[in-house]
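# Chains, contacts and geometry: an overview
Residue strings, one per chain:
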Amino acid sequence: MALVCDEGKDPEQLMFLVNGKADVTQGEKLLTSLESNNFVAEMSYMSDKPASADVTITGTTIVWTRKKLAELESIYPSLIHDVRVSIGGDLSHKLRRSQ
């Protein structure tokens, strides 16, 4: 397992969990477990705020650094728009699941 988000710190990347599992915790409390096909660190990316929880991943991820995303946005703004729309759908799904 790899700690990819540290609560209170700025994650320098946005990740997509291709396969495996991600545990989201605050202190010793498990908030949720995510399966494949979920974004990780998306709330920090969208809000430009520090991570609100720790995230530990076992599996395969695709990783984009904030710098790379900024470069892509300057070249392909519509691509980053589509990424943000996908993140919005992912967040909506997570919120509905938590109710």
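Up top is the structure these notes are about.
Residues numbered from 1 in each chain as written. Predicted model: local features only at pLDDT ≥ 70, side-chain atom pairs only at ≥ 80, totals over all residues. Heavy atoms only, no water.

A few words on a nonpolar patch on the surface. Residues I75, Y76 and L79 make up a contiguous nonpolar surface patch of roughly 310 Å² in combined accessible area. Looking at the element boundaries, I75 is found in helix α2 (residues 66-75). (Patch = residues over 30% accessible without salt bridge, like charges linked within 9 Å, V, L, I, M, F, W, Y side chains within 5 Å. Areas by Shrake-Rupley, 256 points an atom, 1.4 Å probe, with all protein chains shown as cover. Salt bridge = Lys/Arg side-chain N within 4 Å of Asp/Glu carboxyl O. Helix = DSSP H or I, 4+ residues; strand = E, 2+ residues; numbered from the N terminus.)

A word on the pattern of salt bridges. When the charged atoms of two side chains with opposite charge come close together, those side chains can pair. Summed over all chains, the structure comprises seven salt bridges. Note that D6 is salt-bridged to K9, the shortest N-O span being 3.2 Å. Among the ionic pairs, K94 bridges to E42, the shortest N-O distance being 2.9 Å. Placement of the pair is K94 in helix α3 (residues 77-98) and E42 in helix α1 (residues 42-47), with a sequence separation of 52 residues. Assessed through its relative accessible area of 15%, K94 is described here as buried. (Buried < 20%, exposed > 50% of the residue type's maximum accessible area, 1.4 Å probe, protein only.)

Take the packing of α2 against α3 next. The geometry of α2 relative to α3 is characterised by a closest axis approach of 5 Å and an angle of 125° between their N-to-C directions. The orientation of α2 with respect to α3, classified from their angle, is oblique. Counted together, L69, L72, E73 and I75 of α2 and P77, I80 and R84 of α3 form the full contact between these two elements. For the contact of α2 with α3, the class distribution of residues is five nonpolar, no polar and two charged. (Axes fitted to C-alpha atoms, helices over the stretch in contact; angles between N-to-C directions. Parallel < 35°, antiparallel > 145°, perpendicular 65-115°, else oblique. Contact = heavy atoms within 4.5 Å. Nonpolar A, V, L, I, M, F, W, Y, C, P; charged D, E, K, R; others polar.)

As a further point, take the nonpolar core. In terms of nonpolar packing, the biggest core is built from twelve residues, these being C5, M15, L17, A22, V24, L34, V40, A41, A51, A53, V55 and I57. When residues of this core are assigned to their parent elements, the largest contribution, four residues, is made by strand β2 (residues 13-26). Listed in part, the eight residues of the second largest apolar core include L14, F16, L69 and I80. (Core = buried A, V, L, I, M, F, W, Y, C linked by side-chain atoms within 4.5 Å.)

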